[in-house]
Amino acid sequence: MSKKISIKDSIALVSGANRGIGKAITEELLNKGIKKVYAGARKLESLTELKEKYGDRLELVQLDVTNQASVDNAAKLASDATMLINNAGVLAHGGYKSENMLDSINQNMEVNVLGVARLTQAVLPNIENKPNATIATVSSVVGLGSMPMMNGYCTSKAAVHSMIQGLRGELQDSNVLVSGIYPGPIKTDMAKGFEGIELDKPENLAKNVVIALEQGEEDVFPDVMSAQIKQAYGTTPKEVEKMFSAWK
Ligand SMILES: NC(=O)c1ccc[n+]([C@@H]2O[C@H](COP(=O)([O-])OP(=O)(O)OC[C@H]3O[C@@H](n4cnc5c(N)ncnc54)[C@H](OP(=O)(O)O)[C@@H]3O)[C@@H](O)[C@H]2O)c1
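Reference entry: report on the structure contained in this document. All chains use their own residue numbering, which begins from 1 and follows the written sequence. Local features in this predicted model are restricted to residues of pLDDT 70 or higher, and side-chain atom pairs are both shown and tallied only at a pLDDT of 80 or more, whereas totals for entire chains, interfaces and linings draw on every residue. Only hydrogens and water are set aside when side-chain values are computed; all heavy atoms of the structure are taken into account.

### Concerning the packing of helix α4 (residues 101–127) against helix α5 (residues 151–170)
What counts, and what does not: Lines fitted to C-alpha atoms define the axes, with helix axes restricted to the stretch in contact, and inter-axis angles between N-to-C directions lie between 0 and 180 degrees. Secondary structure counts use DSSP, requiring at least four H or I residues in a row for a helix and at least two E residues in a row for a strand, with both numbered from the N terminus. Roughly parallel here means an angle under 35 degrees, roughly antiparallel means over 145, roughly perpendicular means 65 to 115, and every remaining angle is called oblique. Crossing handedness: left-handed means the near helix sits turned counterclockwise from the far one by under a right angle, and right-handed means the same turn made clockwise. Whether two residues are in contact is decided by their heavy atoms: any pair within 4.5 Å suffices. Side-chain classes follow a simple rule in which Ala, Val, Leu, Ile, Met, Phe, Trp, Tyr, Cys and Pro form the nonpolar group, Asp, Glu, Lys and Arg form the charged group, and the remainder, Gly included, forms the polar group.
For the pair α4 and α5, the least separation of the axes is 7 Å and the interaxial angle reads 20 degrees. Relative to α5, α4 is oriented roughly parallel. When the axes of α4 and α5 are compared, the crossing they make is right-handed. Contacts from Met101, Ser104, Ile105, Asn108, Met109, Asn112, Val113, Val116, Ala117, Thr120 and Leu124 in α4 reach Asn151, Gly152, Tyr153, Thr155, Ser156, Lys157, Ala159, Val160, Met163 and Leu167 in α5. In the contact of α4 with α5, the residues fall into 12 nonpolar, eight polar and one charged.

Right, here's the structure in full:
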């Protein structure tokens, strides 16, 4: 079943809309004529600049994906949303040879995995059966092959990849487009300290994400590096593991 999306007829809730990739996707949706974006952020004051720019088409929503009450409130406030962009995430570094391996897994899991599950479960009943229903979730290319120095983060993003597939399976006979977004390295605060890696711009990623949603794409590889990984993962997944494990 084709699940192409009309952006002009959509209303989105975006988590982590105040900076980085979430901000870029929010702005791209607004620039492409979406009716409204509910911009979710832990601190509402971090959305002041966006609010001044977009006025009534941007509604501010306090949203901490680790807090069930905050998630429930956000879902209630954004009850007319047709689209959920699960973007909020953290990167806590650490591999097996670091002392904080378990802490790192915990932190990454709490936000990246349980946060996505919490928000998706709260918003799904509002979205299901609406025209242009969409749930798009940001995983990562490192959800498809792990990098040793950020093992806990990669583990969480692999779990997100699995959750996307599981949700798509549950909703396969519905009208809901379930998309997974698999970025490579993008120039945001999260990527500060990525040494010697070329970073794509969040604005480029956002343009490609929105085009992909319009086309009803399930697997979105929205930047220069991820396009290469898509190719490699599609033919020889072991090569992706080898490629990433070389980056220590
Ligand atoms: N940058 C990359 O290279 C890259 C590559 C692949 C995937 N990704 C993924 O893309 C997504 C966005 O990352 P980014 O690069 O834009 O990172 P970023 O600039 O660090 O932004 C992270 C966003 O997530 C929000 N956030 C963190 N914890 C939260 C919580 N508990 N509840 C609600 N919001 C929370 C942050 O809010 P505050 O401002 O309040 O902290 C911020 O808005 C993440 O899922 C990340 O894993 C990034």
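So much for the structure itself; the text now carries on.
### Looking at the environment of Pro183
Defined as follows: Categorising residues by exposure relies on relative accessible area from a 1.4 Å probe, with only protein chains included: less than 20% of the type maximum marks a residue as buried, more than 50% marks it as exposed, and the intermediate range marks it as partly exposed.
Inspection of the secondary structure assignment puts Pro183 in the loop between β6 (177–181) and α6 (202–214). Residue classification places Pro183 among the buried residues on the basis of a relative accessible area of 6%. Spatially, the C-alpha atom of Pro183 lies 6.0 Å from that of Pro222, the residues being 39 residues apart in sequence. Filtering out sequence-adjacent residues up to four positions away, Pro183 remains in contact with Val138, Ser139, Ser140, Val141, Leu205, Pro222, Asp223 and Ser226.

### Some words on the pairing of strand β5 (residues 134–138)
When a strand is regular, its side chains alternate between the sheet's two faces. What counts here: Handedness of a crossover: with both strands directed away from the viewer, a clockwise path from the first strand across the helix to the second marks it as right-handed. Here the rule is simple: two strands pair whenever DSSP picks up at least two bridges between them.
Along β5, five of the five residues are buried, which leaves the element largely enclosed by surrounding structure. Here β5 shows two buried faces, one formed by Thr134, Ala136 and Val138 and the other by Ile135 and Thr137. With α4 bridging strand β4 (residues 83–86) and the parallel β5, this β-α-β connection has right-handed handedness. Relative to β6, β5 runs parallel, the two being bridged by five bridges. Bridging across to β6, Ile135 finds its partner in Val178.

### Digging into the packing of aromatic side chains
Basically, it comes down to this: Here a Phe, Tyr or Trp ring, Trp counted by its six-membered ring, pairs with any other such ring whose centre lies within 6.5 Å, and the pair is stacked when the planes are under 30 degrees apart, edge-to-face when over 60, and tilted otherwise.
Tallying each qualifying case throughout the model produces two aromatic pairs. Judged by centre distance (5.7 Å) and plane angle (45 degrees), the ring pair of Phe244 and Trp247 falls under tilted. What makes Phe244 buried here is its relative accessible area of 0%. Given a relative accessible area of 30%, Trp247 falls into the partly exposed group.

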